[in-house]
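Chain by chain, the residues:
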Amino acid sequence: MTSKLPKTTLNLKQFLLRQEVLKLYRDIFRTLRKISDENTRSELKEWARSDFRNNKRHTDETAIKSMLYYGRKSLKDLEKSLALSKS
């Protein structure tokens with residue numbers, strides 16, 4: 001018999017923070033589609049998945065905001081890099 005963890009209700013701040021995390025996740029994967037090299041794209045997808053998976057248990061708002069900042073910065077760097085490679 002499997003035990004199920006009780007569902008916790010998110011407060012408004014937690015809900016909004018969760019939405020930001022999900023948006024970043026989707027934006028990263030949309031951007032990764034633009035990478036032409038299959039091996040590189042695959043490695044980056046796995047890296048992104050494992051990074052989000054490893055950090056999903058965090059509940060401290062400050063830590064989550066810090067990780068969001070780092071994630072957005074990394075995404076911008078990737079987008080710039082892709083734009084330069086197409087020039």
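Summary of the structure given here. (Residues numbered from 1 in each chain as written. Predicted model: local features only at pLDDT ≥ 70, side-chain atom pairs only at ≥ 80, totals over all residues. Heavy atoms only, no water.)

**Here's the deal with the overall build of the chain**
Argument step 1. Looking only at helices and strands, the chain has three helices and zero strands in total.
Argument step 2. Each helix and strand of the chain, ordered N terminal to C terminal, gives the series α-α-α.
Argument step 3. Here the chain has a C-alpha radius of gyration of 16 Å; the compact-globule value for 87 residues is 12 Å, and the former is much larger.
Argument step 4. Projected onto its principal axes, the C-alpha coordinates of the chain cover approximately 50 × 35 × 15 Å.
Argument step 5. Burial status across the chain gives 17% buried among its 87 residues.
Argument step 6. Residue pairs in contact within the chain that sit at least 24 positions apart in sequence constitute 66% of those at least 6 positions apart.
Argument step 7. Only carbon and sulfur atoms are counted for the fraction: they give 54% of the accessible area of the chain, which is about 7,500 Å².
Argument step 8. In the chain, 21 positive and 11 negative side-chain charges are present, and the distance between their average locations comes to 6 Å. (Helix = DSSP H or I, 4+ residues; strand = E, 2+ residues; numbered from the N terminus. Rg over C-alpha atoms; globule rule 2.2 N^0.38 Å. Buried < 20%, exposed > 50% of the residue type's maximum accessible area, 1.4 Å probe, protein only. Contact = heavy atoms within 4.5 Å. Areas by Shrake-Rupley, 256 points an atom, 1.4 Å probe, with all protein chains shown as cover. Lys, Arg positive; Asp, Glu negative; His and termini not counted. Charge placed at Lys NZ, Arg CZ, Asp CG, Glu CD.)

**Thoughts on a positive patch on the surface**
Argument step 1. Positive charge collects at one region of the surface, where Arg49, Arg53, Lys56 and Arg57 lie side by side.
Argument step 2. Look at Arg57 and you get exposed, because its relative accessible area is 67%. (Patch = residues over 30% accessible without salt bridge, like charges linked within 9 Å, V, L, I, M, F, W, Y side chains within 5 Å. Salt bridge = Lys/Arg side-chain N within 4 Å of Asp/Glu carboxyl O.)

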